[in-house]
Amino acid sequence: MGNIDNITKEYISDNRRFADLFNYLIYGGREVICPQDLEERDATELALPYGVDQKVIGKQQMRDNLKAYCAKEAGGITYLLLGVESQADQHFAMAVKNMNYDAMNYAAQVSEAAKRHREHGPKLHGAEYLSGFGKEDHLTPVVTLTLYWGPDEWNAPRSLHEMFPELPQEILRFVPDYQINLIAPAEIEDYEKFHTEIGPVLEFIRNSRDSQKLWDLLNENPVYREMDKESAVLLNAVAGLKLNLSDVKGDVDMCKAWDDYAKDYAKENETGMIKSLIRSGIPYEVVKKSLSEVTEEELKQLYEEAEKEMAVL
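Just so we're clear, the structure is a prediction, and the values are computed from it rather than from any experiment.

**Q** Give me the lowdown on the overall build of the protein, citing residues and values where you can.
**A** The secondary structure content of the protein amounts to 11 helices and seven strands. When each of the 313 residues of the protein is scored for burial, the buried share is 39%. Pairs at least 24 residues apart make up 62% of the contacts formed inside the protein by residues separated by at least 6 positions. Looking at the protein as shown, the accessible area adds up to about 18,400 Å², and 51% of this sits on carbon and sulfur atoms.

**Q** Describe in detail the sheet that holds strand β6 (residues 142-148), supporting the description with residues and values.
**A** Within the open sheet, the five strands sit side by side as β1-β4-β5-β6-β7. Their pairing is mixed. Where the open sheet ends on each side, the last strands, each with one partner, are β1 (38-40) and β7 (181-183). Taken pair by pair, the neighbouring strands of this sheet meet at an average axis angle of 30°, ignoring direction.

**Q** Report on helix α3 (residues 94-120), specifying residues and quantitative values.
**A** An ideal rise of 1.5 Å per residue puts 39 Å on 27 residues; α3 measures up with 39 Å between its terminal C-alpha atoms. Of the residues trailing α3, G121 is marked for its positive phi of about 80°.

**Q** Help me get a handle on the packing of aromatic side chains, residues and values and all.
**A** Enumeration according to the criterion identifies five aromatic pairs in this entry. Their ring planes at 75° and their centres at 6.4 Å tell us that Y11 and W149 sit as a pair that is edge-to-face. Here W149 lies in the loop between β6 and α5 (169-172) and Y11 lies in helix α1 (residues 2-12), a separation of 138 residues in the sequence. Each member of the pair, Y11 together with W149, is buried. Between the aromatic rings of F18 and F22, the centroid separation amounts to 5.1 Å while the plane-to-plane angle is 35°, which identifies the pairing as tilted. Placement of both F18 and F22 in helix α2 (residues 15-27) is noted, with a separation of four residues, approximately one turn of the helix. The same class applies to F18 as to F22, namely buried. If you follow R17 out to its NZ or CZ, it ends over the ring of Y11, 3.8 Å from the centre. Over the aromatic face of F18 sits the side chain of K67, whose NZ or CZ is 5.4 Å from the ring centroid.

**Q** So what about the side chain of D137? Which residues, and what values?
**A** With respect to the element layout, D137 can be found in the loop between α4 (126-131) and β6. Overall, D137 belongs to the buried group, its relative accessible area being 14%. A polar contact is formed between the side chain of D137 and the backbone nitrogen of G134, at a distance of 2.6 Å.

**Q** Kindly report on the packing of helix α6 (residues 198-206) against helix α8 (residues 229-238), identifying the contributing residues and their values.
**A** Between α6 and α8, the least distance of the axes is 11 Å, while the angle of their chain directions is 25°. On the basis of their axis angle, the class for α6 and α8 is roughly parallel. In terms of crossing hand, the pair formed by α6 and α8 is right-handed. Together, V201, F204 and I205 of α6 and S231, L234, L235 and V238 of α8 make up the contact between the two elements.

Cut-off values and rules
- Within any chain, residue numbers begin from 1 and follow the written order of that chain's sequence.
- Confidence filtering applies because this is a predicted model: local features only for residues at pLDDT of at least 70, side-chain atom pairs given and counted only at 80 or more, and all residues used for totals across whole chains, interfaces and linings.
- With hydrogens and water set aside, each side-chain value is computed from the structure's full complement of heavy atoms.
- Think of it this way: any DSSP run of H or I at least four residues long counts as a helix, any run of E at least two long counts as a strand, and we number them from the N terminus.
- For the exposure calls, accessible area comes from a 1.4 Å probe over protein chains only, and a residue counts as buried if that area is under 20% of its type's maximum, exposed if over 50%, partly exposed in between.
- A contact between two residues is defined here by any heavy atoms of the two lying within 4.5 Å.
- With residues, only the protein chains shown are counted as cover, and all accessible areas are computed by Shrake-Rupley using a 1.4 Å probe.
- One requirement defines pairing of two strands: DSSP has to find at least two bridges between them.
- Under this scheme, a helix contributes an axis fitted over its contacting stretch, all axes are lines through C-alpha atoms, and angles between N-to-C directions fall in the 0 to 180 degree range.
- Helix span, as expected, comes to 1.5 Å for every residue beyond the first.
- Centres within 6.5 Å make a pair out of two Phe, Tyr or Trp rings, where for Trp the six-membered ring is used; the pair is then stacked when the planes are under 30 degrees apart, edge-to-face when over 60, and tilted otherwise.
- Whether a charge lies above a ring is judged from NZ of Lys or CZ of Arg, which has to be within 6 Å of the ring centre and within 35 degrees of the ring normal.
- Polar contact criterion, stated in full: a pair of N or O atoms within 3.5 Å, where within protein one must be able to donate a hydrogen and the other to accept it, and residues adjacent in sequence count only if both atoms are side-chain atoms.
- An angle below 35 degrees is treated as roughly parallel, one above 145 as roughly antiparallel, one from 65 to 115 as roughly perpendicular, and anything else as oblique.
- Rotating anticlockwise by less than a right angle from the far helix to the near helix defines a left-handed crossing, while the corresponding clockwise rotation defines a right-handed one.

In structure tokens form, the structure reads like this:
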């Protein structure tokens, strides 16, 4: 699991892919957020004491990816903090997890405002002094996206309210809700709304449980003939593939890699079947006659290996 986490974090850290995800989430695929407008931020969320005189022990947690977005628009300048949480498995408390990240970030922003006033002014007074946050201060909005790397539909709660037992509406309306922003391959209707390789990657994952659909997809879409190695390595990890990519230096032909894997798998299973026949006492000539794809030399070697294994037992 740790290896998958590292691979997905590194993969999403690419500004092109990161922007592509949020353009899909926020703008329905329109290319509004540009990669060059994103700036890496420390993904450590630290809950700091806010207010001038409060003394609270800080709490630290690490997000997967966090970037600042700054863009000049017609109405002025837009500032956002954009975070991605990658999930290889469904998380049944995702709403609380993401809400905690966002709250810690806002608390840190308040603390930074208090520090700024203390060191650079203007000095705060009265109620503003107690909170450390002035009337003219503003928070930077945080948008957190959950990216699920599994092929199934997301069946875990998508909001804080879904995690409660059934409550009367007159009570529930006083409990603020928190909705997760989710991208799950099985729930995407139009993969062409993505403009980087993240689209084909997510479509591959969606079809990864159906070998026929996957094979059709690989042959129909030419992008899989020249897939960048980073995407191929990620698919190997999250889809549980066993493609041999160690010797690949450039782009990967996923059709060929899949075909080579299928042949290796078939040969491996055939070898196991032959050894099973040998251990059962089936004569050499009988085995040789029934296996036209195996050479006499290969069969003799398998007999020798099987005999050695039986001797050990």
